[in-house]
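# Observations on chain architecture
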Amino acid sequence: MAALFQAIANNHSVPREQVQESVGHRRASLDLAVILSFAVLYGFAASVMARRVWRRFPVDEGWMAGAVAVLVISLVFSAGGVLAGEQWSVAMENFR
């Protein structure tokens, strides 16, 4: 770790101690912006998907098929959301 801190310090022309002290310090506002922006996109996508499911399985034809479809699709959609959220976070970190 000392070699890594020294390399970073040399690249940025700062003392090694400053690099060591900065480990673990992040601006919460940037993290909040990334999380909220993904939450808006995920909420929109989930809303679209829910409308498509209920359009395919109308309540007036029986609610059980729609409920089961929502349950199964929500499990798949949430797993995909976790993966997409990770990628979104990585992309925003790279952009930053």
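Below or above, wherever it landed, is the structure these notes cover. Being a predicted model, the structure only gives us computed values, none of them experimental.

If you tally the helices and strands in the chain, you get four helices and zero strands. Along the chain, from the amino end to the carboxyl end, the secondary structure elements read α-α-α-α. Here the C-alpha atoms of the chain give a radius of gyration of 22 Å, more than 25% beyond the 12 Å that 2.2 N^0.38 yields for 96 residues. A principal-axis box enclosing the C-alpha atoms of the chain has dimensions of 70 × 20 × 15 Å. Counting only residues that meet the buried cut, the chain has 10% of its 96 residues in that class.

Okay, the environment of Val23 next. Tracing the chain through its elements places Val23 in the loop between helix 2 (16–22) and helix 3 (28–56). With a relative accessible area of 52%, Val23 lands in the exposed category. C-alpha of Val23 to C-alpha of Phe5: the two residues are 18 residues apart in sequence and 9.7 Å apart in space.

The rules behind these values
- Residues numbered from 1 in each chain as written.
- Predicted model: local features only at pLDDT ≥ 70, side-chain atom pairs only at ≥ 80, totals over all residues.
- Heavy atoms only, no water.
- Helix = DSSP H or I, 4+ residues; strand = E, 2+ residues; numbered from the N terminus.
- Rg over C-alpha atoms; globule rule 2.2 N^0.38 Å.
- Buried < 20%, exposed > 50% of the residue type's maximum accessible area, 1.4 Å probe, protein only.

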